[in-house]
Amino acid sequence: MSAADEILDIVDEHDQVIGQFPRGEVYARGLRHRCVFIQARDAEGRIFVHRRTPTKLVFPSLYDMFVGGVVGAGESYGTAALREAEEELGVSGLPQPRHLFTFLYDNGSGRSWWSAVHEVRCELPVRPQAEEVAWYDFLPEAEVERRLGDWEWVPDGLAAYERLKAFRSDGSGGSGGAGQDAG
């Protein structure tokens with residue numbers, strides 16, 4: 001099955017399932033769905049940063065400071081977070097990513113998805129999927145901050161990163177469903 005054929009849950013503004021469609025149709029029609037964002041750090045606390053391949057359906061060739069992806073139909077955020085982290089990092093045996101908060105991403109142009117932000121420590125040697133990741137490295141957070149103005153980043157990842165910084169500085173999780181269960 002191709003990525004475009006994967007079935008996703010369609011959700012409303014309250015993150016309640018209202019239907020199911022193939023991923024390709026979800027993207028083409030701009031239907032609200034669910035995604036997970038996982039900030040992976042190595043043993044030294046550096047953040048896994050990568051550039052997406054040019055063949056990705058969404059945000060090709062852009063940089064990201066999260067691994068993650070869509071939540072499949074009937075899948076929980078927590079299950080999707082572990083699956084996506086292991087797939088994109090090319091590892092098995094990661095600890096369960098810790099759910100931090102959930103927010104509704106909306107780009108203002110009809111594209112929105114519920115976004116569950118997680119974190120995980122990855123002390124295993126990574127082997128990212130070549131079809132997903134064109135370049136990667138573990139970077140100190142200060143280096144990530146310096147690169148924010150230099151590199152072209154995925155917009156939803158930037159939104160998640162800004163909310164994560166606020167969450168860590170004040171513990172509130174920012175706005176938009178911070179207390180939602182990771183499922």
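Treat the numbers as computed from the prediction; the structure is a model and nothing was measured. (Residues numbered from 1 in each chain as written. Predicted model: local features only at pLDDT ≥ 70, side-chain atom pairs only at ≥ 80, totals over all residues. Heavy atoms only, no water.)

Outline the overall build of the protein chain, listing residues and values.
The helix and strand inventory of the protein chain stands at 4 helices and 9 strands. N-terminal to C-terminal, the α/β element order of the protein chain is β-β-α-β-β-β-β-α-β-β-β-α-α. Against the 2.2 N^0.38 benchmark of 16 Å for 183 residues, the protein chain shows a C-alpha radius of gyration of 15 Å, consistent with a compact globule. Taken along the three principal axes of its C-alpha coordinates, the protein chain extends 40 × 40 × 35 Å. Within the span of the protein chain, comprising 183 residues, buried residues form 49% of the whole. Pairs at least 24 residues apart make up 63% of the contacts formed inside the protein chain by residues separated by at least 6 positions. A total of about 8500 Å² of accessible surface is found on the protein chain, and carbon and sulfur atoms cover 49% of it. Within the protein chain, the 30 negative side-chain charges are centred at a point lying 2 Å from the centre of the 19 positive side-chain charges. (Helix = DSSP H or I, 4+ residues; strand = E, 2+ residues; numbered from the N terminus. Rg over C-alpha atoms; globule rule 2.2 N^0.38 Å. Buried < 20%, exposed > 50% of the residue type's maximum accessible area, 1.4 Å probe, protein only. Contact = heavy atoms within 4.5 Å. Areas by Shrake-Rupley, 256 points an atom, 1.4 Å probe, with all protein chains shown as cover. Lys, Arg positive; Asp, Glu negative; His and termini not counted. Charge placed at Lys NZ, Arg CZ, Asp CG, Glu CD.)

Describe in detail the nonpolar core, supporting the description with residues and values.
Core analysis: the largest hydrophobic core is formed by 28 residues, its most contacted members being Val49, Met65, Phe66, Val117 and Val144. Contributing elements (two or more residues each) for this core: strand S1 (7–11), helix H1 (23–29), strand S3 (33–41), strand S4 (47–52), strand S7 (98–106), strand S8 (112–121) and helix H4 (155–170). Counting residues per element, this core draws most heavily on H4, which supplies 5 residues. Other than its neighbours up to four places away in sequence, Met65 contacts Gln39, Ile47, Phe48, Val49, Val144, Leu148, Trp153, Gly157, Leu158 and Tyr161. Counting residues in each nonpolar core, the second largest holds 20 residues, with Val36, Ile38, Ala85 and Val120 among its members. (Core = buried A, V, L, I, M, F, W, Y, C linked by side-chain atoms within 4.5 Å.)

So what about unusual backbone geometry? Which residues, and what values?
For Asp15, which is not glycine, the phi torsion reads 65° and is therefore positive. Take Asp15: it is sitting in the loop between S1 and strand S2 (17–22). Residue class for Asp15 comes out buried when judged on its relative accessible area of 6%. One non-glycine residue, Phe59, adopts positive backbone phi at about 55°. As for its placement among the helices and strands, Phe59 is situated in the loop between S4 and strand S5 (63–64).

Which residues make up the confidence of the model for the protein chain, and what values go with them?
In this model, the protein chain carries an average pLDDT of 91, and 93% of its residues clear a pLDDT of 70 or more. With pLDDT under 50 throughout, residues 173–183 is counted as low confidence; its partners more than four residues away or in other chains account for 28 contacts. (pLDDT = per-residue confidence, 0-100.)

Quick rundown of the pairing of S8? Include the residues and the values.
Burial analysis of S8 places 9 of its 10 residues in the buried class, the great majority of the element. Strand direction decides the pairing type here: S7 and S8, joined by 8 bridges, are antiparallel. Residue pairing across strands places His99 opposite His118, the latter belonging to S8. Linking S7 back to S8 in an antiparallel pair, the connection comprises 5 residues, with Gly108 at a positive phi of about 80°. (Pairing = 2+ DSSP bridges.)

So what's going on with the pattern of salt bridges? Residues and values would help.
Side chains that differ in sign of charge can pair as their charged atoms come close. Tallying each qualifying case throughout the model produces 16 salt bridges. The shortest N-O distance in the salt bridge between Glu84 and Arg83 comes to 3.0 Å. Sharing partners across several salt bridges, the network here consists of Glu75, Arg83, Glu84 and Glu87. (Salt bridge = Lys/Arg side-chain N within 4 Å of Asp/Glu carboxyl O.)

Can you explain the environment of Asp64? Please cite residues and give values.
Positionally, Asp64 belongs in strand S5. Asp64 sits 90 residues away from Val154 along the chain, and the two C-alpha atoms are 5.8 Å apart. Within the structure, Asp64 has its side chain in polar contact with the backbone nitrogen of Phe66 (distance 3.1 Å). (Polar contact = N/O pair within 3.5 Å; in protein donor to acceptor, adjacent residues only side chain to side chain.)

How would you explain the side chain of Glu84 if you had to name every residue and give the values?
Relative to the elements of secondary structure, Glu84 occurs in helix H2 (residues 77–89). In terms of polar contacts, Glu84 uses its side chain to reach the side chain of Arg83, at 3.0 Å. Dropping the residues within four chain positions of it, Glu84 is found in contact with Val36, Ile38, Gly68, Gly69 and Val70.

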